[in-house]
Amino acid sequence: MHASLIRRQLSGLVPPKIASPSILSAGQGADLSPLVAFYSKLPKGPAPAASARGLKARYFNGKNASAAPIVVTVLAIFGLGYTVDYQMHLKHHKNHAH
């Protein structure tokens, strides 16, 4: 790998205003106090779990996974279709055959 590529990839690890080349190349621990102070304020431990976004993440992934949304959707489409079919056609055959 080229040095510039490595430098570009690692540039996000150390903020440039805190870790200037003059501080890092001096070789003295006392000059690194701004860098140590910055990193000591960062949160420690694992990152919090991301919240569920979208229908798939909310209903079909994780510990509360369920097929209930699919069942409710199928029943709602069936009920809507039957209601439309009844209003358009079936109620005319209620008392006499076609």
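This write-up is about the structure you can find in this document.

Rules and cut-offs
- Residues numbered from 1 in each chain as written.
- Predicted model: local features only at pLDDT ≥ 70, side-chain atom pairs only at ≥ 80, totals over all residues.
- Heavy atoms only, no water.
- Helix = DSSP H or I, 4+ residues; strand = E, 2+ residues; numbered from the N terminus.
- Buried < 20%, exposed > 50% of the residue type's maximum accessible area, 1.4 Å probe, protein only.
- Areas by Shrake-Rupley, 256 points an atom, 1.4 Å probe, with all protein chains shown as cover.
- Phe/Tyr/Trp six-rings, centres within 6.5 Å; stacked < 30°, edge-to-face > 60°.
- Patch = residues over 30% accessible without salt bridge, like charges linked within 9 Å, V, L, I, M, F, W, Y side chains within 5 Å.
- Salt bridge = Lys/Arg side-chain N within 4 Å of Asp/Glu carboxyl O.

**A short note on the overall build of the protein chain**
Thought 1: Looking only at helices and strands, the protein chain has five helices and zero strands in total.
Thought 2: Taken from N to C terminus, the helices and strands of the protein chain fall in the order α-α-α-α-α.
Thought 3: Burial statistics for the protein chain: of 98 residues in total, 4% are counted as buried.
Thought 4: Within the structure as shown, the protein chain displays about 8,800 Å² of accessible surface, and the carbon and sulfur contribution to it stands at 66%.

**Some remarks on the packing of aromatic side chains**
Thought 1: Considering all chains together, one arrives at one aromatic pair under this definition.
Thought 2: With centroids separated by 5.1 Å and ring planes inclined at 80°, the aromatic side chains of phenylalanine 38 and tyrosine 39 adopt a geometry described as edge-to-face.
Thought 3: The exposure class assigned to phenylalanine 38 is partly exposed, which follows from its relative accessible area of 30%.

**Concerning a nonpolar patch on the surface**
Thought 1: A cluster of nonpolar side chains, contributed by Leu55, Tyr59, Phe60, Ile70 and Val74, occupies part of the molecular surface with about 480 Å² of accessible area.
Thought 2: Here the nonpolar patch takes three residues from helix 4 (residues 54-60), the largest share from any one element.
Thought 3: Judged by relative accessible area, isoleucine 70 falls into the partly exposed class, the value being 47%.

From the geometry alone we can't say anything about function, so treat these as descriptive.
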